[in-house]
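For reference, the chains in residue letters:
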Amino acid sequence: MEDNFRCGFVAILGRPNVGKSTLLNALIGNKISIISSIPQTTRHQIRGILNLENAQIIFVDTPGIHSFKDELTSHLNLVAKKSIEDCDLLLYVTDISRSIGREEETIMNLLASQKIKVIMVLNKIDLGINFINDYINLWKEKTKDKEDPLVYYLPTSAKTGKNVDKLKEVIVESLPKQVPFYDKDTLTDFPLKFRISDIIREKLFLNLKKE
């Protein structure tokens, strides 16, 4: 194993429907997490593992963080927040084709209050960049009196693959130097039976547009 080999856990966070699952699948190159236009389709922390020549990146996909409260939403928010623990890097995914929502305040306050490195993924540039400066300026406002954990802004399109390879490079550069945690042939540690059930749920979402 090379002395410069890097490995670490990377949590993917953001409000619902910003493209977190699409981004995870694009980064891995395989379908690990289900994709739907309906919020709350990601209910488990799904680890997708990307094995590169010089690095192993272990991704944790999380439910979208909501600002409203109900029993399911509270549980999903807790799962998303707990995914930050023990991670080496956070990918904060935003949808810059739509205006800032209340959830962004919650997420930015959360991320700005911890010491883990953050990469802001300015996603969905294929749909427009009308609000890109709003997201950047809000982040600056939230971190102006703190030690800013942000290491990179990156305009991206998970759908088209624009800048996905660049994102991989930035992620690797931000991870600690250490040996891999998983065998190089491992794609995910998410149990097969849950992957099958999620694929079925995705097909139902696409066909019925409701759960």
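None of these values were measured; they are calculated from a predicted model.

1. Some thoughts on the confidence of the model for the protein chain
Reasoning step 1: Overall, the predicted model of the protein chain reaches an average pLDDT of 79, with 70% of residues at or above 70.
Reasoning step 2: In this model, residues 34–44 is a region of pLDDT below 50 whose contacts with residues beyond four sequence positions or in other chains number 47 contacts.
Reasoning step 3: Note that residues 199–203 has pLDDT below 50 and, in this model, nine contacts with residues that lie over four places away or in other chains.

2. Notes on the side chain of Lys124
Reasoning step 1: Tracing the backbone shows Lys124 in the loop between strand S5 (117–123) and helix H4 (132–143).
Reasoning step 2: Residues in contact with Lys124, not counting those within four places in the same chain, are Asn17, Val18, Gly19, Asp95, Ser97, Thr156 and Ser157.

3. As for the packing of helix H3 (residues 102–112) against H4
Reasoning step 1: Put simply, H3 and H4 touch, their axes get as near as 10 Å, and they point 45 degrees apart. On the basis of the axis angle, H3 is oblique to H4. Helix-helix and strand crossings are classified by hand; for H3 and H4 the assignment is right-handed. Contact residues: Glu104, Glu105, Met108, Asn109, Leu111 and Ala112 in H3; Tyr135, Leu138, Trp139, Lys142 and Thr143 in H4.
Reasoning step 2: In the contact of H3 with H4, the residues fall into six nonpolar, two polar and three charged.

4. A short note on the nonpolar core
Reasoning step 1: Judged by nonpolar contacts, the single largest core of 25 residues is most densely connected at Leu90, Tyr92, Leu111 and Trp139.
Reasoning step 2: Mapped onto this core, the elements with two or more residues apiece are strand S1 (6–13), strand S4 (89–95), H3, S5 and H4.
Reasoning step 3: Counting residues per element, this core draws most heavily on H4, at five residues.
Reasoning step 4: Not counting the four nearest positions on each side in its chain, Tyr92 is found in contact with Leu13, Gly14, Glu104, Ile107, Met108, Leu111, Val118, Ile119, Met120, Val121 and Trp139.
Reasoning step 5: Among the nonpolar cores identified, the runner-up in size contains 24 residues, and Leu23, Leu50, Phe59 and Val170 belong to it.

5. With respect to unusual backbone geometry
The general pattern is negative phi for most residues beyond glycine and trans for most peptide bonds.
Reasoning step 1: The backbone of Asn17 shows a phi angle near 65 degrees, a positive value even though the residue is not glycine.
Reasoning step 2: Here Asn17 is to be found in the loop between S1 and helix H1 (20–28).
Reasoning step 3: Classification of Asn17 by relative accessible area gives partly exposed; the value is 27%.
Reasoning step 4: Although it is not a glycine, Lys124 adopts a positive phi angle of roughly 70 degrees.

6. Details of the pattern of salt bridges
Proximity of charged atoms lets side chains of opposite charge pair with each other.
Reasoning step 1: All chains considered together, the criterion is met by seven salt bridges.
Reasoning step 2: A salt bridge links Arg15 to Glu104, with the shortest nitrogen-to-oxygen separation between them at 2.9 Å. Of this pair, Arg15 sits in the loop between S1 and H1 while Glu104 sits in helix H3, placing them 89 residues apart in sequence.
Reasoning step 3: Assessed through its relative accessible area of 0%, Glu104 is described here as buried.

7. Regarding the side chain of Ser157
Reasoning step 1: Mapped onto the secondary structure, Ser157 falls in the loop between strand S6 (150–155) and helix H5 (164–174).
Reasoning step 2: Taking the relative accessible area as the measure of exposure, Ser157 reaches 1% and is therefore buried.
Reasoning step 3: In this structure the side chain of Ser157 is engaged in a polar contact, spanning 2.9 Å, whose partner is the side chain of Thr160.

8. What to know about the packing of aromatic side chains
Reasoning step 1: Under the definition given, this model contains two aromatic pairs.
Reasoning step 2: Aromatic pair Phe9 and Phe181: ring centres 5.3 Å apart, planes at 50 degrees, arrangement tilted. Of the two residues, Phe9 is situated in strand S1 and Phe181 in the loop between H5 and helix H6 (192–208); the sequence distance between them amounts to 172 residues.
Reasoning step 3: Ring centres of Tyr92 and Trp139 lie 6.3 Å apart, and the angle between their planes is 40 degrees; on these two criteria the pair is classed as tilted. Here Tyr92, found in strand S4, pairs with Trp139, found in helix H4; they are 47 residues apart in sequence, far enough to count as distant. Across the pair, Trp139 and Tyr92 agree in class, each one buried.

9. Focus on the packing of H1 against H5
Reasoning step 1: Interhelical geometry of H1 versus H5 gives an angle of 80 degrees and a closest axis separation of 10 Å. Taken together, the axes of H1 and H5 are roughly perpendicular relative to one another. Every residue of H5 that contacts H1 at Leu23, Ala26 and Leu27 is listed here: Val164, Leu167 and Lys168.
Reasoning step 2: Here the residues of the contact of H1 with H5 sort into five nonpolar, no polar and one charged.

Definitions and cut-offs
- Residues numbered from 1 in each chain as written.
- Predicted model: local features only at pLDDT ≥ 70, side-chain atom pairs only at ≥ 80, totals over all residues.
- Heavy atoms only, no water.
- pLDDT = per-residue confidence, 0-100.
- Contact = heavy atoms within 4.5 Å.
- Helix = DSSP H or I, 4+ residues; strand = E, 2+ residues; numbered from the N terminus.
- Axes fitted to C-alpha atoms, helices over the stretch in contact; angles between N-to-C directions.
- Parallel < 35°, antiparallel > 145°, perpendicular 65-115°, else oblique.
- Left-handed = near helix turned anticlockwise from the far one by under 90°.
- Nonpolar A, V, L, I, M, F, W, Y, C, P; charged D, E, K, R; others polar.
- Core = buried A, V, L, I, M, F, W, Y, C linked by side-chain atoms within 4.5 Å.
- Buried < 20%, exposed > 50% of the residue type's maximum accessible area, 1.4 Å probe, protein only.
- Salt bridge = Lys/Arg side-chain N within 4 Å of Asp/Glu carboxyl O.
- Polar contact = N/O pair within 3.5 Å; in protein donor to acceptor, adjacent residues only side chain to side chain.
- Phe/Tyr/Trp six-rings, centres within 6.5 Å; stacked < 30°, edge-to-face > 60°.

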